[in-house]
Amino acid sequence: MCVKNDNYQKGRAWIELNMENLAHNARQFQKLLPDCCTLMPAVKANAYGHGAKRVGKVLSEMGISDYCVASVTEAVKLRQSGIKGQILILGYTPPCQFHELAQYHLTQTVVDLPYARLLNDYGHPVCVHVGIDTGMHRLGVRSEELDHICAIWELEHLNITGVYSHLCASDGNSEKEIAFTRKQIAEFQAVVDTLHRRGIKGFRTHLQGSYGVLNYPELEFDYARVGIALYGVLSMSGERIAAEVELRPVLSLKARVTCVKVLHENEVAGYGLAFKAERDMVIAVVSIGYADGIPRELSNKGYALVNGCWANVIGRVCMDQLLLDVTGIPKVHAGDEVVFIGRSGGKEIQACEMAGSAGTISNEILSRLGERLGRVYV
Ligand SMILES: *Cc1c(COP(=O)(O)O)cnc(C)c1O
């Protein structure tokens, strides 16, 4: 069974990636965005578990040349994989890695004025985008501190090619969240206008992530930093979005049945006596666990698809294995495929559904998928 490459990758537990769906999603966003706005895919956290190298290759073959990541190490890896265009680091880069910014022609976010000065003191030219805090209160110079913002343009070694902010409630449909987002948009626009009025020009602007685009598609900034939705999934199930886009999930998560056994009435299964059989049942041991990214929270709670049928997780999710109730599912054998995210028969489990059962969002599920999973690109 395990001779060819793909079969080997699909030996125990693996991720299947449909790169045509990725390209489809990218085209959907390109169509949705105003002509002046360029898609800047977010490929941080190994492209949300999808594999940054391969995702970067597919997107760059489509002519996409601007990317954003969280860390300088992610940026260097992406550059080394052959990405030629702009790579923006959204997070903090420590001074001990400043030389990598110059060496790999990376673009660094200025997180505040003291950081801008520190980066300038490095003494070599570095491309930067200035972060503006419009209310999230994470990174960026506060939008009302215009003199601090302008002071960054005085620093001789910083080549400022962009100015951006981040929306923190653009996924919400409540009046409060919409009003907050509108205020963030207005404050960001006011900073851009003030810079222009003071004669500061020649920089690009960006504000929206996935939900910024999906719920406020009319905004006309220069880039849109789209992450989760590019991978074809929403953060939570049942979300309403304003834009009309047809997104297709890129990633499936699968494992194998390793053995099938009978559990008699009143017997327990797994760690901590957390599951007790109320009647005789058939259970399947499956070769995937929390080290692969199945949340332990799904103990006695999650579900998967076996031969196109629903099967509940029973007992505690272990580090490398878990148990499913396969009572009544016909013909379950060792070696069968088990689907945790994706399709089996006519049924589907979306990443956001698994996330919902685990009390989180699909972004967390995908970005925490384990390194030891096999990868198959289809
Ligand atoms: C991660 C991130 C994004 C992408 O967010 P999605 O919601 O996944 O589209 C955009 N901007 C910043 C600053 C981020 O940290």
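Before reading on, note that the structure itself is shown above.
Notes on the structure in this doc start here.

Conventions adopted
Residues numbered from 1 in each chain as written. Predicted model: local features only at pLDDT ≥ 70, side-chain atom pairs only at ≥ 80, totals over all residues. Heavy atoms only, no water. Salt bridge = Lys/Arg side-chain N within 4 Å of Asp/Glu carboxyl O. Helix = DSSP H or I, 4+ residues; strand = E, 2+ residues; numbered from the N terminus. Buried < 20%, exposed > 50% of the residue type's maximum accessible area, 1.4 Å probe, protein only. Near = heavy atom within 4 Å. Polar contact = N/O pair within 3.5 Å; in protein donor to acceptor, adjacent residues only side chain to side chain. Areas by Shrake-Rupley, 256 points an atom, 1.4 Å probe, with all protein chains shown as cover. 1 Å grid on protein atoms, 1.4 Å probe; cavity = no way out; pocket = protein on both sides within 12 Å on 5 of 7 lines; lining within 4 Å. Sits in = over half its atoms within 2 Å of the grid points. Phe/Tyr/Trp six-rings, centres within 6.5 Å; stacked < 30°, edge-to-face > 60°. Lys NZ or Arg CZ within 6 Å of the ring centre and 35° of its normal. Pairing = 2+ DSSP bridges. Right-handed = clockwise from strand over helix to strand, strands pointing away.

## Quick notes on the pattern of salt bridges
- Per the counting criterion, the structure on display carries 15 salt bridges.
- Between Lys254 and Glu16 there is a salt bridge, and its shortest N-O distance comes to 3.2 Å. Here Lys254 is found in strand β11 (residues 251-263), whereas its partner Glu16 is found in strand β1 (residues 13-17), with 238 residues between them in sequence. Here the two residues Lys254 and Glu16 agree in accessibility, since each one is buried.
- Residues Arg368 and Glu364 are paired through a salt bridge, measuring 2.6 Å at the closest nitrogen-oxygen approach.
- The network of salt bridges with common partners includes Lys10, Glu16, Lys254 and Glu337.

## Some remarks on the site of the ligand
- Around the ligand lies a shell formed by Ala42, Lys44, Tyr48, Leu90, Arg138, His166, Gly209, Ser210, Arg225, Val226, Gly227 and Ile228.
- Take Lys44: an N or O atom from its side chain is 2.7 Å from an oxygen atom of the ligand.
- In the complex, the protein chains occlude 86% of the 390 Å² of accessible area that the ligand would expose alone.
- In this structure the site holding the ligand corresponds to the largest pocket.

## Looking at the packing of aromatic side chains
- By the definition in use, this model includes 7 aromatic pairs.
- On the numbers, 6.1 Å between centres and 80 degrees between planes, the contact of Phe98 with Tyr115 is edge-to-face. Here Tyr115 lies in helix α7 (residues 113-121) and Phe98 lies in helix α6 (residues 98-103), a separation of 17 residues in the sequence. Tyr115 shares its class with Phe98; the two are buried.
- Counting every residue linked through ring pairs, the aromatic cluster contains Tyr92, Phe98, Tyr115 and Tyr122.
- Lying over the aromatic face of Tyr377, Arg54 brings its terminal NZ or CZ to 4.3 Å of the ring centre.

## Brief notes about the pairing of strand β3 (residues 66-69)
- Side chains Asp66 and Cys68 of β3 all project onto a buried face; the interleaved residues Tyr67 and Val69 project onto the opposite face, where all are buried too.
- The pairing of β3 with strand β4 (residues 86-89) spans 4 bridges and is parallel. Paired with Cys68 across the strands is Leu88, a residue of β4.
- Taking the sense of rotation as the criterion, the β-α-β connection linking β3, helix α5 (residues 72-80) and β4 turns out right-handed.

## Points about the environment of Glu267
- Structurally, Glu267 can be placed in the loop between β11 and β12 (268-269).
- Taking the C-alpha atoms as reference points, Glu267 and Asp280, 13 residues apart in sequence, are found 8.8 Å from one another.

## Remarks on the pairing of strand β16 (residues 309-314)
- Judged from the 4 bridges that link them, strand β15 (residues 303-306) and β16 form a sheet pairing that is antiparallel. In the sheet register, Leu305 faces β16, and the bridge partner there is Trp310.
- Where β15 folds back on β16, the antiparallel hairpin that results is connected by 2 residues, among which Asn307 adopts a positive phi of roughly 50 degrees.
- Sheet analysis places β16 next to strand β17 (residues 322-325), joined by 3 bridges and oriented antiparallel. Residue Val313 lies in a different strand from β17, and its bridge partner there is Leu324.

Read these as geometric descriptors, not functional statements.
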